Amino acid sequence: MPSEAKRLPVGPNSTLILKGPASARLVEGSLEVLGYRPGSKERLVAKPWRSLPLYSRDGAVVEVYLGEGGGAEVVGEDTIPGDWRELSSSLGDSFRLMVIGMVDSGKTSLITYLYNTHVPQGRMVVADLDMGQSEICPPTTIALAIGVKPSPSLSALEPYRVYPVGYTSPSYLTSRALESVAELSSTIGSERRLLVNTDGWVEGDSARRHKSQLIRILKPSHVVLIGIEEADDLEEASKEVGAKLIRVSAPRVVLRRDQSARKALRELSYARYLRGARLRSVPRRWLRVRPLLLAGLPLEDYLRGVIEEIEESAHQIAVLVNGLEMTEAGIGILSYIWGGGMHKPALALFMGIDDRGFARFYTPYEGTIELMEVGAVILSTDFRELYVLRPRISV
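Residues numbered from 1 in each chain as written. Predicted model: local features only at pLDDT ≥ 70, side-chain atom pairs only at ≥ 80, totals over all residues. Heavy atoms only, no water.

Moving on, we come to the packing of helix α4 (residues 205-218) against helix α5 (residues 232-241). Between α4 and α5, whose axes approach to 9 Å, the crossing angle comes to 15°. For the element pair α4 / α5, the angle class is roughly parallel. Seen along the crossing, α4 lies across α5 with a hand that is right-handed. Across from R208, K211, S212, I215 and R216 in α4, the residues of α5 making contact are D233, L234, A237, S238, E240 and V241. Residue composition of the contact of α4 with α5, grouped by class: four nonpolar, two polar and five charged. (Axes fitted to C-alpha atoms, helices over the stretch in contact; angles between N-to-C directions. Helix = DSSP H or I, 4+ residues; strand = E, 2+ residues; numbered from the N terminus. Parallel < 35°, antiparallel > 145°, perpendicular 65-115°, else oblique. Left-handed = near helix turned anticlockwise from the far one by under 90°. Contact = heavy atoms within 4.5 Å. Nonpolar A, V, L, I, M, F, W, Y, C, P; charged D, E, K, R; others polar.)

The next thing to look at is unusual backbone geometry. At the junction of G20 and P21, the peptide bond is cis and its omega measures out at 5° in the coordinates. Residues other than glycine seldom take positive phi values, yet W49 does so here, at roughly 65°. Mapped onto the elements, W49 comes out in the loop between β4 (43-46) and β5 (51-56). With a relative accessible area of 37%, W49 lands in the partly exposed category. (Buried < 20%, exposed > 50% of the residue type's maximum accessible area, 1.4 Å probe, protein only.)

This part covers the pattern of salt bridges. Evaluation of the coordinates by the stated rule reveals 28 salt bridges. Its salt-bridge partner being E135, residue R50 comes within 2.9 Å of it at the nearest N-O pair. Of the two residues, R50 is situated in the loop between β4 and β5 and E135 in the loop between β9 (124-128) and β10 (141-147); the sequence distance between them amounts to 85 residues. Assessed through its relative accessible area of 9%, E135 is described here as buried. (Salt bridge = Lys/Arg side-chain N within 4 Å of Asp/Glu carboxyl O.)

Let's shift gears to the nonpolar core. Ranked by internal contacts, the top residues of the largest apolar core, which has 49 residues, are L287, L303, I333, L334, I337, F350 and M372. Of all the secondary structure elements, the ones that give two or more residues to this core are α7 (299-312), β17 (331-338), β18 (346-353), β19 (358-363), β20 (371-380) and β21 (385-388). Look past the residues within four positions of M372 in its chain and what remains in contact with it is L287, R288, V289, R290, S335, Y336, I337, A348, F350 and F361. (Core = buried A, V, L, I, M, F, W, Y, C linked by side-chain atoms within 4.5 Å.)

Encoded structure:
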């Protein structure tokens, strides 16, 4: 962040839209950030390609720091739709609420707002099913977190259960995504203060069938649609489980992100969870490893198939692959390490098996490995997302 700060006045009933990378601090007056009320010395951070709405009912002065590409804009209105506030007031103390909407429709903002307005009455469970743009867990996974106090961002919540899916969208392999959701659902049990965020894949028959199945598996009391008009299938699924279907407006100001920005956000997240990684080598015969998406297939056969697919794609990294080892190429398959008693996996890049029979992987995890599940996303050792493997089983 730059050393110099700007002080911006925010008029009554106005919102400062902070576009990351940027940070802000309240100097005078009062602010509300998606239902959260920051203190005067608290630093509010908007991460790259994300935004924060800082609303002031009576006026405020805000000190703003802008990073490269960041921005700040004051709009003369409350950007939180009135029907969000009405929804929050109508929920009561007990609810299981699922939000469904398109990409960049405001799903995470709505979940954050509902969380902040209800967590003062007791702990909240948050289920993050957006495996491509998760707030509380690595890309390619879904997770559960428990919150006990308000926060300007759900990323402050610590997950207590993480479930690998292997892909960045359920559209690659819906059957695998639904298996993970079913496992997550069994952990939730009869929890009655639950917020469920979902991914933005909603267009087309397959997407609607998938979202309908999510409703049937999780059995919410409320299904909230943002920006979705025709939803006969979602209405039918909601009726089956006894859920109330509610439509709400999208926020008046939404930061739109293209595919490259979404990919860059995932890469920042990979870097966070793989920070401090080093290359480890373990005799293959000592290591329990299985393909996450084809659990019955021998690892060596899966690895051969991965390398063949990369070669067939004519990807530039293929020429550096040596036998069943990808270390020289500086790439690996995003994988998930489980140790004793772990409820959330450590990330690793599985880099194959060398000619001495050693499995090689790049990970910050240094403990005993009970199981490593090998996924479907190819990353470089500087955490760039290079390739996604095609599903080999029916969706």
